[in-house]
Amino acid sequence: MDTLFLLALTTVVIVLVFDYTNGFHDAANIVATVIASRAMTPAQAVVVVGFFEFLGPLLGGTAVANTIGGFVALDGVAPTLSLAILLCGLIGAIAWNLGTWYLGIPSSSSHALVGGLIGAVVVSVGSEHVVWGFAELSEGRLTGIVKVLAALVLSPLAGFWIGFLTHRLLTGALRAANPAANSRLRAAQFVTAAGLAFSHGANDAQKSMGILTLVLLLGGFIPRFEVPFWVMLACASAITLGILSGGWRIVRTLGFAIYRVRPVHALGSQLTAAGVILAASAGGAPVSTTHVVATSIMGIGASERPRAVRWSKAKDIATTWMITIPGAALVAIQAYALLNLYLGQRP
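Structural notes, computed from the coordinates.

1. Topic: the overall build of the protein
Here's step 1: The number of helices and strands found in the protein is 13 helices and zero strands.
Here's step 2: When the elements of the protein are put in sequence order from the N terminus, they spell out α-α-α-α-α-α-α-α-α-α-α-α-α.
Here's step 3: Against the globule reference of 20 Å for 347 residues, the protein gives a C-alpha radius of gyration of 20 Å, in line with a compact fold.
Here's step 4: Here the C-alpha coordinates of the protein stretch approximately 70 × 40 × 35 Å along the principal axes.
Here's step 5: Expressed as a percentage of its 347 residues, the buried residues of the protein come to 57%.
Here's step 6: Within the protein, counting contacts between residues at least 6 apart in sequence, those at least 24 apart form 86% of the total.
Here's step 7: Surface accessibility of the protein: about 14,200 Å² in total, with carbon and sulfur atoms responsible for 68%.
Here's step 8: Taken together, the 19 basic and 12 acidic charged side chains of the protein have centroids lying 21 Å from each other.

2. Considering the nonpolar core
Here's step 1: Counting 54 residues, the largest nonpolar core has F71, L74 and L113 as its most contacted members.
Here's step 2: Looking at this core element by element, the count peaks at eleven residues for helix α4 (residues 79-102).
Here's step 3: If near-sequence neighbours (up to four positions away) are discounted, F71 is found in contact with V114, L117, V130, V131, G144, I145 and V148.

3. Here's the deal with unusual backbone geometry
Here's step 1: The backbone phi angle of R38 is positive, close to 60 degrees, even though this residue is not glycine.
Here's step 2: Exposure remark for R38: the relative accessible area of 69% places this residue in the exposed category.

4. Re the pattern of salt bridges
Here's step 1: Within the structure shown, the criterion is met by four salt bridges.
Here's step 2: The salt bridge partner of R224 is E226, with a shortest N-O separation of 3.2 Å.
Here's step 3: Accessibility expressed as a relative area gives 51% for R224, which makes it exposed.
Here's step 4: R262 is the partner of E304 in a salt bridge, and the nearest nitrogen-oxygen pair spans 3.2 Å. Separated by 42 residues along the polypeptide, E304 in helix α12 (residues 289-304) and R262 in the loop between α10 (251-257) and α11 (263-282) bring together distant segments of the chain.

5. Digging into the packing of helix α7 (residues 144-173) against α11
Here's step 1: Contact geometry of α7 with α11 gives a least axis separation of 9 Å together with a crossing angle of 135 degrees. One way to sum up the angle between α7 and α11 is to call them oblique. In the packing of α7 onto α11, the handedness of the crossing is right-handed. Contacts between α7 and α11 involve S155, A158, G159, I162, G163, T166, H167 and L170 from the first element and V264, H265, L267, G268, T272 and V276 from the second.
Here's step 2: Taken together, the residues that form the contact of α7 with α11 break down as six nonpolar, eight polar and no charged.

6. Here we look at the side chain of S124
Here's step 1: With respect to the helices and strands, S124 occurs in helix α5 (residues 109-125).
Here's step 2: In this structure the side chain of S124 is engaged in a polar contact, spanning 2.6 Å, whose partner is the backbone oxygen of A120.
Here's step 3: Among the polar contacts listed, one links the side chain of S124 to the backbone oxygen of V121, at a separation of 3.1 Å.

7. Overview of the packing of aromatic side chains
Here's step 1: Enumeration according to the criterion identifies three aromatic pairs in this entry.
Here's step 2: Centroid distance F160 to W161: 5.0 Å. Interplanar angle 80 degrees. Geometry classified as edge-to-face.
Here's step 3: On the basis of relative accessibility, which here comes to 51%, the residue W161 falls in the exposed class.

8. Regarding the state of the cysteines
Here's step 1: In total, this model carries zero disulfides according to the counting rule given.
Here's step 2: Considering cysteine sulfurs only, C235 is the nearest to C88, which forms no disulfide, with 19 Å between them.
Here's step 3: On the basis of relative accessibility, which here comes to 0%, the residue C235 falls in the buried class.

Parameters at a glance
- Every chain is numbered on its own, with residues counted from 1 as its sequence reads.
- Since the coordinates come from a predicted model, pLDDT governs what is reported: local features require at least 70, and pairs of side-chain atoms require 80 or more to be given and counted, while whole-chain, interface and lining totals use all residues.
- Each side-chain value is derived from all of the structure's non-hydrogen atoms; neither hydrogens nor water enter the calculation.
- Secondary structure elements are taken from DSSP: a helix is a run of H or I of four residues or more, a strand is a run of E of two residues or more, and numbering for both begins at the N terminus.
- We take the radius of gyration over the C-alpha atoms and set the globule estimate at 2.2 Å times the residue count to the 0.38 power.
- Between buried and exposed lies partly exposed: a residue is buried under 20% and exposed over 50% of the maximum accessible area for its type, with that area taken using a 1.4 Å probe on protein chains only.
- Contacts: residue pairs with any heavy atoms within 4.5 Å of one another.
- All accessible-area figures derive from a Shrake-Rupley calculation using a 1.4 Å probe, and residue coverage is judged against the displayed protein chains alone.
- Counting rule applied: Lys, Arg positive; Asp, Glu negative; His and chain ends not counted.
- By convention, the point assigned to a charge is CZ for Arg, NZ for Lys, CD for Glu and CG for Asp.
- Among buried residues, the Ala, Val, Leu, Ile, Met, Phe, Trp, Tyr and Cys ones that are joined through side-chain atoms within 4.5 Å form a nonpolar core.
- A pair is scored as a salt bridge if a Lys or Arg side-chain nitrogen falls within 4 Å of a carboxyl oxygen belonging to Asp or Glu.
- Only C-alpha atoms enter the line fits that serve as axes; for helices the fit covers just the stretch in contact. Angles between N-to-C directions range over 0 to 180 degrees.
- Oblique is the label for any angle not covered by the other classes, which are roughly parallel (under 35 degrees), roughly antiparallel (over 145) and roughly perpendicular (65 to 115).
- Left-handed describes a crossing whose near helix is turned anticlockwise from the far helix through less than a right angle; right-handed describes the clockwise counterpart.
- When residue character is reported, Ala, Val, Leu, Ile, Met, Phe, Trp, Tyr, Cys and Pro are called nonpolar, Asp, Glu, Lys and Arg charged, and the others, Gly included, polar.
- Pairs of N or O atoms within 3.5 Å make up the polar contacts considered here, provided that, within protein, one atom can donate a hydrogen while the other can accept it, and that residues adjacent in sequence are counted only when both atoms are side-chain atoms.
- Aromatic contacts are taken between Phe, Tyr and Trp rings whose centres are within 6.5 Å, Trp giving its six-membered ring; a plane angle under 30 degrees counts as stacked, one over 60 as edge-to-face, and the others as tilted.
- Whenever a pair of cysteine sulfur atoms sits within 2.5 Å, that pair is classed as a disulfide.

Given below as structure tokens:
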């Protein structure tokens, strides 16, 4: 019982640490275009984004949390082992988040979480404890890993093409505008940046809410999978603190290295990303804010001047996306091997 409680407590803390690193890592995704277009100072961006980021998990429902809590099946696994698995999966995700932040690479925290959990589950209790969802797909239902990966793959495509079309609509509406319109475009970003922050909190913090609720369920602390209010509050606080800390290394990549962002581009990117992420949250689909923001900028650039888009940088980002799931999985496997030695268990 002591070991179980200690593992549960440690895992809860690690979930909140992951939530913090998620906010820390993704802060740049939300504020990059605002700062690059000079709509807000970094201090203003942090205050506006932090406030609405906190509201997202509290008001955004629990559909994404339910999806994340259901793609691993650990019901028949001993409580101590199941919590150890979750702990190692989270360690893999956190390590990947911090590594890519240090290198200034906008990778996906969602991919890292999925990869870390898959790696820890497969190496410890076997692939049958991952809800892959292939059988359900043949019946026309999206669930498990298939649903998660479908959301993570389709959302960047939506970001690109909706960004492309949004920019065309904005430039058409502003065709007769004079340069003074830039001040109004910058002012409008106080609303769109707030919407993007809210959508990010409503989607990304729910991932931690789902894992934290799963920890409580597997540890026997709650009778069924139902997200308690204190879990929402804790995850909202952790991700907001991460946002306020700010992973500013990635601002340069998203705000300057893909395409030169001006006020009209920033507004279009924020509208696009907020819309895509809010729609995904309503459907319980976990998406990557990093993916959606980056591809919306690419779509806007392709709509205006395709040759000015730094596609080589986009290729580097895409490569990172491809290796995030296996990379986080490998880190989680190593973490499980070390924890397994400490607990005296065999995989």
